[in-house]
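Listed below are the residues making up each chain.
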Amino acid sequence: MKKFYITTTLPYVNADPHIGFALEVIQADVIARYKTLQGFEIFFNTGTDEHGTKIYEKAKESKLPPEKYCDEYAERFKKLKEKLNLTYNNFIRTTDDHHIKAVQKFWKKCQENGDIYKRNYKAKYCVGCEMEKTDSELENGRCPLHPNRKLEIIEEENYFFRFSKYQKPLLDFYKKHPDFVIPKHRYNEVIKFVEKGLKDFSASRLKEKMPWGIEVPDDPDHVMYVWFDALINYISCLGWPDNKKKFNNFWPGVQVAGKDNLRQQAAMWQAMLLSAGLPHSKQIFIHGFITADGQKMSKSVGNVINASDLVKKYGTDATRYFLLREIPDYEDGDFTYKRFEERYNSDLANDLGNLLNRTLTMIEKYCDGKIPKSTKDSEFSKQCEETWKKIDELMKVYKFSQILEEVFRLLSKANQYIDEKKPWELAKENEKEELEKVLYNLAETLRQFGIMLYPFIPNTSDKTREQLGLSEIDIKDFDFEKEKNWGELKSGIEIKKGKTLFPRLGNQ
RNA sequence: CGCGGGGUAGAGCAGUAGUAGCUCGCGAGGCCCAUAACCUCGAGGUCGCCGGUGCAAAUCCGGCCCCCGCAACCA
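Novice: Lay out the protein's contact with RNA strand B with the relevant residues and their values.
Specialist: Near RNA strand B, the surroundings consist of 62 residues, among which Lys-192, Trp-227, Lys-296, Asn-354 and Arg-358 are the closest. In RNA strand B, the atoms that sit within 4 Å of the protein are 66% sugar and phosphate, with bases accounting for the remainder. Tyr-225 is positioned with one of its side-chain polar atoms (N or O) 3.2 Å from a base nitrogen of RNA strand B. Within the side chain of Arg-358, a nitrogen or oxygen atom sits 2.6 Å from a base nitrogen of RNA strand B.

The structure is reproduced here in structure tokens:
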């Protein structure tokens, strides 16, 4: 069986999951679901990033041992699976035993390769921010956020990773793989970054200052810096280094990440893989950010949109639909409740839900509630075929919004078709054959929608199928290629008109 | 000369050379199968500004202004 591996980045567990991460994991889920339809065996990984200073301090604040604190947050992220209807089959925590062992092994490999070395490290530290500051961040030698405080100079011995050594190999690699980073402008961005020159980066901290991390092998005074450990999850989740079979089956994979993560994913992580003698990732797909009402979401502004709240208020599919349709492909997008409800009403309620409803009502009234005789010369069969082609092309470059636009265009054609053909008149005039043809075309088109929408809004896909008298898509044995063909909807099936799919919001 | 994205109808966006498009909203009409839904038509834009190249520019080139991220561990 063909294999496919996809992973999200691991969110840091110092806050509740917000819709930015929801977007990422939903996008990954769409890809995974589509690949599954195509017959791939999927390994779909997500999880939580749990080490590092911020978490250590957050835990202290909430008077919990870090382990407990992480447990609590990891649970909240795990709940997304249900809430967002995700199909991931692996959830890694960077505090998992096997991950820790893998990280230490990875470290040793880099060390054997001469890429880890110790040197004195000096950094400027702002106590106000509790953060190191680089020179570029300073204004007149002071932290712009806390200009009254003097910066502390911290000095300690750190291990460094020889990032600089990989400038040329990385550039060669990018050149050979023009699709390595999607979209193109992110690909260009990372090349520019690497061309500018790479500085070795610090890969460890003194344990006495920051104990919450993975121990450096053979040097218990040091723990690794959090991202060095975190990046390795993309292979430790596959059982590397022990489970060679699984690793070889699935690696390399596609990594979905936010634009803030471009350098880490596309440059640092790739250099680390080179150092450890492992193959590069297959592809990095970078998505944009979500603003709330045009503003960056932040706790201090108090405008953070929480994924769970959306699901609670509007449901899983409406949330998925909004994020996939309204956030522009590759770019930043804006969230507002107004826009959300507009999308919901116009697309999901008026176009999709209403089409299903009116079609099924007519089948009940005019065809005894049974799918009528199938027709060959459908005006829709060709359009469905073309839409499938477009979906396939666009899916390769992760243009989810465009795909949904295409699918809903087809939907709108179906609504037009009803007005054109006026089945109610055909019924009055007893034009049975034409009437059945029209209704079959509509029902079959709806069946096709059901499949097209499966990666995006799976519950709706199920419900649509159910109301057409079909069973839900059982992903394990669903013959996708066959089901895409026009006419797979058998006549005589009894429909099961059910509840309104998406009741309109804000009526009244 | 730090890096990147953006400035197109009231709002949100698509469109990378050849009659300016989509969704929502707005106005008029149609229909009655349907979730006050659906369908048709219409109003509304000097495509940020200035200059250049072209028969032709939102689209290419140069300059400028404005907005938003990032600036080496926050999706």
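Resuming the write-up.
Novice: Report on the nonpolar core, specifying residues and quantitative values.
Specialist: By size, the foremost hydrophobic cluster in this structure holds 106 residues, and its most contacted members are Ile-6, Leu-348, Phe-400, Phe-449 and Phe-456. It is helix α1 (residues 19–37) that provides the largest number of residues to this core, a total of 12 residues. Not counting residues up to four positions away in its chain, the partners in contact with Phe-400 are Gln-27, Val-30, Ile-31, Phe-285, Leu-324, Asp-329, Met-395 and Phe-456.

Novice: Now, about helix α13 (residues 316–326): what can you tell me, with residues and values included?
Specialist: Of all the 11 residues making up α13, 11 are buried; the element is thus mostly covered by neighbouring parts of the structure. Among the residues of α13, those classed as buried are Thr-316, Asp-317, Ala-318, Thr-319, Arg-320, Tyr-321, Phe-322, Leu-323, Leu-324, Arg-325 and Glu-326.

Novice: Describe a positive patch on the surface, and please don't skip the residues or the numbers.
Specialist: Taken together, the side chains of Lys-105, Lys-108, Lys-109 and Lys-244 present a region of like positive charge at the surface. By residue number, the principal contributor to the positive patch is helix α5 (residues 97–112), which donates 3 residues. Of note, Lys-109 is situated in helix α5. Lys-109 gets classed as partly exposed once you look at its relative accessible area, which sits at 32%.

Novice: Account for the environment of Ile-55, with residues named and values stated.
Specialist: Relative to the helices and strands, Ile-55 resides in helix α2 (residues 53–61). Separated by 162 residues in sequence, Ile-55 and Pro-217 have C-alpha atoms that sit 22 Å apart. When neighbours within four sequence positions are excluded, Ile-55 is seen to be in contact with Tyr-12, Val-13, Asp-49, Glu-50, Tyr-69, Cys-70 and Trp-212.

Novice: Can you tell me about the packing of aromatic side chains, naming the residues and giving the values?
Specialist: One pass over the structure, following the stated rule, counts 43 aromatic pairs. Over the face of the ring belonging to Phe-40 we find Lys-2, whose NZ or CZ atom lies 4.4 Å from the ring centre. The side chain of Lys-35 reaches across the aromatic face of Phe-40, ending 4.6 Å from its centre.

Analysis parameters
Residues numbered from 1 in each chain as written. Chains lettered and ligands numbered in written order. Predicted model: local features only at pLDDT ≥ 70, side-chain atom pairs only at ≥ 80, totals over all residues. Heavy atoms only, no water. Near = heavy atom within 4 Å. Polar contact = N/O pair within 3.5 Å; in protein donor to acceptor, adjacent residues only side chain to side chain. Core = buried A, V, L, I, M, F, W, Y, C linked by side-chain atoms within 4.5 Å. Buried < 20%, exposed > 50% of the residue type's maximum accessible area, 1.4 Å probe, protein only. Helix = DSSP H or I, 4+ residues; strand = E, 2+ residues; numbered from the N terminus. Contact = heavy atoms within 4.5 Å. Patch = residues over 30% accessible without salt bridge, like charges linked within 9 Å, V, L, I, M, F, W, Y side chains within 5 Å. Areas by Shrake-Rupley, 256 points an atom, 1.4 Å probe, with all protein chains shown as cover. Salt bridge = Lys/Arg side-chain N within 4 Å of Asp/Glu carboxyl O. Lys, Arg positive; Asp, Glu negative; His and termini not counted. Charge placed at Lys NZ, Arg CZ, Asp CG, Glu CD. Phe/Tyr/Trp six-rings, centres within 6.5 Å; stacked < 30°, edge-to-face > 60°. Lys NZ or Arg CZ within 6 Å of the ring centre and 35° of its normal.

Treat this as a map of the structure, not an account of what it does.
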